[in-house]
Amino acid sequence: MAALQIVNYPHPALRWKSKPIKSISPELVNTVRTMFDLMYEARGIGLAANQVGLPYRLFVINLTADPDETEEEFVFINPEITKRKGTTEGEEGCLSLPQLYGDVKRSEEITLEAYDLDGQLFEIALDDLAARAVQHEHDHLEGIMFPDRMVEDKRIELDAQIADFEVQFRNQQQRGEYPSDEEIRKELSQLELNLG
């Protein structure tokens, strides 16, 4: 498999509904480490598997964005949001839409169940930035990106920038830096089959 990298919109993986992970392999542990490294390199606080072209229900978070703060690293495998409370609005960005920002309404508090890298199920209650980051990454696993959640008149202001990402990606495909959308989708389906 090619080296993992963060893919930009409109890479088909970003609209792919991710599949649950059935077992935790040494390869998966390595993938998680690479995801953290790519996230830090891009100065992000969260990264979902489909942002690196993998159709897996998995994301990583470190709200400090600091690789030295390893105790702040969290891995969420097959996450499910079980409770939501309140509403709050705040600015979001995305590593797959660099330099694009917009206000998004999210639940103020959430409770989440997920598995860690040891295969242990855990439950966590989150609020503030942690709740926002987890909801943002959880959306990625459903093929939803933050502009989809924006109020329409605000999102329209970003249309030109979003269209620019589309042009850049299509140019990269023409130069052979990425396969065609159809080939990428085939690859994603194959990766899903590897999950068992």
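Our structure is the block above this text.
Nothing here was measured: the structure is a model prediction, and the numbers come from that model.

## Details of the nonpolar core
Within soluble globular proteins, side chains that are nonpolar generally end up buried alongside one another.
Item 1. Within the largest apolar cluster, 22 residues are counted, with the highest numbers of intra-cluster contacts made by Leu-47, Val-52, Tyr-56, Leu-58 and Val-60.
Item 2. Listing elements by their share of this core, those giving two or more residues are helix H1 (26-41), strand E2 (58-61) and strand E3 (74-94).
Item 3. Sequence-distant contacts of Leu-47, that is, excluding residues within four places in its chain, are made with Ile-6, Met-35, Leu-38, Met-39, Val-52, Phe-59, Val-60, Leu-95 and Glu-137.
Item 4. By size, the runner-up hydrophobic cluster in this structure holds 19 residues, among which are Trp-16, Leu-97, Phe-169 and Leu-188.

## Let's talk about helix H2 (residues 128-141)
For an α-helix, the turn length of 3.6 residues means that residues three or four places apart are oriented alike.
Item 1. Over its 14 residues, H2 runs 21 Å from end to end, which matches the ideal 20 Å to within 8%, given 1.5 Å per residue.
Item 2. Burial of H2 is extensive: 12 of the 14 residues sit out of reach of the surface.
Item 3. Taken together, the buried positions of H2 are Ala-130, Ala-131, Arg-132, Ala-133, Val-134, Gln-135, His-136, Glu-137, His-138, Asp-139, His-140 and Leu-141.
Item 4. Buried residues belonging to H2 abut strand E1 (46-48), E2, E3, strand E4 (97-115) and strand E5 (121-127).
Item 5. Gly-143 sits one or two residues past H2 and shows a positive phi near 80 degrees.

## Let's talk about the layout of surface pockets
Item 1. For the largest pocket, the calculated volume is near 430 Å³.
Item 2. Lining the largest pocket we find 19 residues, and of these Ile-45, Glu-92, Gly-93, Cys-94 and Tyr-101 sit closest to its centre.
Item 3. Of all elements in the fold, only E3, E4 and H2 reach the threshold of two or more residues within the lining of the largest pocket.
Item 4. With five residues, the top contributor of residues to the lining of the largest pocket is H2.
Item 5. Classifying every residue of the lining of the largest pocket by side-chain character gives nine nonpolar, five polar and five charged.

Calculation rules
Residues numbered from 1 in each chain as written. Predicted model: local features only at pLDDT ≥ 70, side-chain atom pairs only at ≥ 80, totals over all residues. Heavy atoms only, no water. Core = buried A, V, L, I, M, F, W, Y, C linked by side-chain atoms within 4.5 Å. Buried < 20%, exposed > 50% of the residue type's maximum accessible area, 1.4 Å probe, protein only. Helix = DSSP H or I, 4+ residues; strand = E, 2+ residues; numbered from the N terminus. Contact = heavy atoms within 4.5 Å. Expected span 1.5 Å × (residues − 1). 1 Å grid on protein atoms, 1.4 Å probe; cavity = no way out; pocket = protein on both sides within 12 Å on 5 of 7 lines; lining within 4 Å. Points joined across faces, edges and corners; volume = space filled by probe spheres on them. Nonpolar A, V, L, I, M, F, W, Y, C, P; charged D, E, K, R; others polar.

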